[in-house]
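# What the coordinates show
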Amino acid sequence: MNYQIFYKRNTSYCPEICLPPSKSIEARRMVLDAVHGNVPWVEPDSCDDLLALGRALRGYVYREHELNVGLSGTALRFLTALCAVTPGYHVHIVGEPGLERRPIGPLAEQLRRRGAYISADFAPLEIVGSEIDGSRIDIDTLFAADSSQYVSALMLVQPLMSSPLPEFEVPKGSLSWPYIHMTRRMLAGDIEPEADWSAASYFYVVTLLTGVMTSFNPLLSKPNISKQGDSACFRLSSTLGVDTSFHARGTRLSRDPDEKRGPFHFILGGQPDLVPALAVMAGFDGGGARLADIAHLRVKESNRLESVTASLRGVGIEASYDNDSITIGERQERWNAVVDCCGDHRIAMAFAPCAAFLPGGLTLLGAECVSKSFPGYFENLSKFGYKICTVR
């Protein structure tokens, strides 16, 4: 589905944005339920990834012979570990076209070495579970891999192993390390839901580009207590010109009246999901930026090193990339633009607000992909004066 988006300034009120629950927290909660033999509950209006994970975990609890994880890389990795540590469980894990982009090789190799049968390093795959001695798993090798979810997956299914994982510390500089700390906190009993900071990041973009204040409901957890590494959006966005205030009745964003100018330099190995939003914000400034330590963006829903760079260029912002960074330059005025979302929800949500500086509008190709993590995104975006219509 393609959307054409136009912007007409709306300053009559401060829109209230309805954020979804943190996808990362909910996914871990659901897996922990299944580990303890319970069918996880998932809200019917949840995002595609959580619905797919919920269906697959229900199938696991009832020992079905085929589990469909849709396009969810999280579900693929968590279910691979869960099925592999369930002795005698013979199952096929399948998904939709595109899931084969999401790697599981390092995780599969560790589980094979300890006795599980896993037919491939990518979906679809066949698994025969085995009794796994967690103490013999080499956790350290997984810290050098392209996803922190390998370690989180093993941590979550640890109760089903014949012996626990060896104790470990997360090496400094490990990719996506905040997600491992999130898993640890949840295993220690902190399973309280939180509004999704990753989803909130796209409204930081809106506030910067339009100048319209934004409020959130439910409340965002303050960064000093949040389990989410993407709560760093609070600090990073302040550098780019968006201030955050926390009140008893809500969280509010406002654009800093003092103009911020680059060049900016951000190290984002721990916050890869913030890269598309921060790239747009830094590009709007026009002073230049470098977003670094992001090689793992190659194996997201799209190769985000490529897709973020191409989308920035599409809306008139100079950009280039190398193996682990994106460099952003000046912004040129454009009348209109076309952005291919590449099937990637975070590309769609980060770039849709760019219609605010494109008088002739923005066309988003494949914009329906937002349902992967935030089905209500466009409904919320329209509260700011964005006009959204479907086009062929």
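A brief report on the enclosed structure follows.

Conventions used here
- Residues numbered from 1 in each chain as written.
- Predicted model: local features only at pLDDT ≥ 70, side-chain atom pairs only at ≥ 80, totals over all residues.
- Heavy atoms only, no water.
- Helix = DSSP H or I, 4+ residues; strand = E, 2+ residues; numbered from the N terminus.
- Rg over C-alpha atoms; globule rule 2.2 N^0.38 Å.
- Buried < 20%, exposed > 50% of the residue type's maximum accessible area, 1.4 Å probe, protein only.
- Contact = heavy atoms within 4.5 Å.
- Areas by Shrake-Rupley, 256 points an atom, 1.4 Å probe, with all protein chains shown as cover.
- Pairing = 2+ DSSP bridges.
- Axes fitted to C-alpha atoms, helices over the stretch in contact; angles between N-to-C directions.
- Salt bridge = Lys/Arg side-chain N within 4 Å of Asp/Glu carboxyl O.
- Phe/Tyr/Trp six-rings, centres within 6.5 Å; stacked < 30°, edge-to-face > 60°.
- Lys NZ or Arg CZ within 6 Å of the ring centre and 35° of its normal.
- Core = buried A, V, L, I, M, F, W, Y, C linked by side-chain atoms within 4.5 Å.

Before going further, it helps to spend a moment on the overall build of the protein. When you go through the protein residue by residue, the secondary structure sums to 13 helices and 16 strands. Relative to the 2.2 N^0.38 estimate, which gives 21 Å for 392 residues, the radius of gyration of the protein is 21 Å and therefore close to what a compact globule would have. Projected onto the principal axes, the alpha-carbon positions of the protein cover approximately 60 × 45 × 45 Å. For the protein, the proportion of its 392 residues judged to be buried stands at 58%. Excluding contacts between residues fewer than 6 apart, the proportion of contacts in the protein whose partners are at least 24 apart in sequence is 74%. Per element, the accessible surface of the protein, about 15800 Å² overall, is 50% carbon and sulfur.

Tracing the backbone shows Ala 289 in strand S11 (residues 289–292). Residues Ala 289 and Ala 319 lie 30 residues apart in sequence; the distance between their C-alpha atoms is 9.4 Å. Residues contacting Ala 289, with those up to four places away along its chain left out, are Phe 264, Ala 282, Ile 326, Thr 327 and Ile 328.

What follows covers unusual backbone geometry. Trans peptide bonds make up the majority, and among non-glycine residues the majority have a negative phi. The peptide bond linking Ala 123 to Pro 124 adopts the cis configuration, its omega dihedral lying at -5 degrees. Following Asn 217, the chain continues to Pro 218 via a peptide bond in cis, the omega torsion being 5 degrees. Among the secondary structure elements, Pro 218 is positioned in the loop between strand S7 (214–217) and helix H9 (233–240). Not every positive phi belongs to a glycine, and Cys 342 is a case in point at roughly 60 degrees. Looking at Cys 342, the relative accessible area reads 37%, which means it is partly exposed.

Our focus in this paragraph is the sheet that holds strand S14 (residues 337–340). The strand order across the open sheet built from 4 strands is S14-S15-S1-S16, with neighbouring strands paired in mixed fashion. Two strands lie at the open edges of the sheet, namely S14 and strand S16 (386–391), each paired on one side alone. Each strand of the sheet is rotated relative to its neighbour by a mean of 20 degrees, with strand direction disregarded. As judged from the 3 bridges shared by strand S1 (residues 2–7) and strand S15 (residues 362–365), these two strands associate in the antiparallel manner.

The next subject is helix H4 (residues 105–113). Those residues of H4 lying buried are Gly 105, Leu 107, Ala 108, Gln 110 and Leu 111. Where H4 is buried, its residues meet helix H3 (73–84), strand S5 (117–118), helix H5 (139–142) and helix H6 (149–156). Looking at the residues trailing H4, positive phi occurs at Gly 115, about 120 degrees.

Scanning all chains against the criterion turns up 17 salt bridges. Arg 29 serves as the salt-bridge partner of Glu 26, at 2.9 Å between the closest nitrogen and oxygen. Residue Glu 26 and its partner Arg 29 are both found in helix H1 (residues 23–35); the two are separated by 3 residues, about one turn of the helix. Of the two residues, Glu 26 and Arg 29, neither departs from the other in class, the shared state being buried. The network of salt bridges with common partners includes Lys 23, Asp 49, Arg 102, Asp 273, Glu 301, Arg 304, Asp 344, Arg 346 and Lys 372.

On to the environment of Arg 185, then. Take Arg 185: it is sitting in helix H7 (residues 177–187). Here the alpha-carbon distance between Arg 185 and Lys 227, two residues 42 residues apart in the chain, equals 7.4 Å. Not counting residues within four places of it along the chain, the set of residues in contact with Arg 185 comprises Asp 190, Ile 225, Ser 226 and Lys 227.

The subject of this paragraph is the packing of aromatic side chains. Think of a pair of aromatic rings as described by two things: how far the centres are apart, and how the planes are tilted against each other in angle. Throughout the structure, instances matching the rule amount to 15 aromatic pairs. One aromatic cluster is present, built from ring pairs that chain together Tyr 3, Tyr 202, Phe 203, Phe 374, Tyr 377, Phe 378 and Phe 384. Across the ring face of Tyr 60, the terminal group of Arg 63 is positioned such that the distance to the ring centre comes to 4.4 Å. For the cation-ring pair, Arg 184 lies above Phe 168, with the distance from its terminal atom to the ring centre recorded as 4.5 Å.

Below, the discussion takes up the nonpolar core. The biggest cluster of nonpolar side chains holds 71 residues, and the ones touching the most others in it are Val 315, Tyr 377 and Phe 378. Element by element, the count of residues in this core is highest for helix H8 (residues 197–210), at 10 residues.

For a regular strand, the rule is simple: side chains alternate between the two faces of the sheet. Alignment of strand S12 (residues 317–321) against strand S13 (residues 325–331), held across 4 bridges, turns out to be antiparallel. Bridging from a neighbouring strand, Ser 320 pairs with Thr 327 of S13.

What follows deals with the pairing of S7. Of the pairings in the sheet, the one linking strand S2 (residues 16–18) to S7 comprises 3 bridges and is parallel in character. Note that in S7 the partner of Glu 16 across the bridge is Ser 215. Where S7 and strand S9 (residues 250–255) come together, 3 bridges link them in antiparallel fashion. The residue of S9 that forms the bridge with Thr 214 is Leu 253.

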